[in-house]
Amino acid sequence: VYVACPAEVCQQRDPKGIYARAEKGQAARVPGLGRTFEPPLRAELTIDTAQRKPAEAAALVIGQIGQLFPTSIAPGNTGALTPD
């Protein structure tokens, strides 16, 4: 699953102030600020979090897992994810 989000949106949502610290040189290796990030070439699922609410994004991930492992997320199943 590739969770896509523009750096500007990440900065707006940054509750810990990591992006603000990175801009001041107090945090290193922050994607989108001085570090190149290359998205995956072929993700099974891409979620644009700038366009989706968290619950909607979670539902997409759960749906994808359900397609890959149809019996593993049945109601009441608490075991590990295993393909059929």
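Scroll up to find the structure this text is about.
Residues numbered from 1 in each chain as written. Predicted model: local features only at pLDDT ≥ 70, side-chain atom pairs only at ≥ 80, totals over all residues. Heavy atoms only, no water.

Novice: Please clarify how the overall build of the protein chain should be interpreted in this entry.
Specialist: The number of helices and strands found in the protein chain is three helices and two strands. Secondary structure elements of the protein chain, listed N to C terminal, follow the sequence β-α-α-β-α. Here the protein chain holds 84 residues, and the buried ones make up 18% of them. Sequence-distant contacts in the protein chain: of pairs separated by 6 or more residues, those separated by 24 or more amount to 39%. Carbon and sulfur atoms provide 54% of the accessible area of the protein chain, an area that totals close to 6,600 Å². (Helix = DSSP H or I, 4+ residues; strand = E, 2+ residues; numbered from the N terminus. Buried < 20%, exposed > 50% of the residue type's maximum accessible area, 1.4 Å probe, protein only. Contact = heavy atoms within 4.5 Å. Areas by Shrake-Rupley, 256 points an atom, 1.4 Å probe, with all protein chains shown as cover.)

Novice: Explain the side chain of threonine 49 here, please?
Specialist: As for its position among the elements, threonine 49 is in the loop between strand S2 (46-48) and helix H3 (54-68). Threonine 49 gets classed as buried once you look at its relative accessible area, which sits at 14%.

Novice: How should the pattern of salt bridges be read in this particular structure?
Specialist: Close approach of charged atoms lets side chains of opposite charge pair. The final tally for this structure, using the stated rule, is one salt bridge. We note a salt bridge from glutamate 56 to arginine 52, for which the minimum N-O separation is 2.6 Å. Of the residues examined, glutamate 56 reaches a relative accessible area of 38% and is grouped as partly exposed. (Salt bridge = Lys/Arg side-chain N within 4 Å of Asp/Glu carboxyl O.)

Novice: Honestly, the environment of cysteine 10 in this entry has me stumped. Any pointers?
Specialist: Locating cysteine 10 in the fold gives a position in helix H1 (residues 7-12). In this structure the C-alpha to C-alpha distance between cysteine 10 and alanine 50, which are 40 residues apart in sequence, comes to 8.8 Å. Excluding residues that lie within four positions of it along the chain, cysteine 10 makes contacts with Cys5 and Tyr19.

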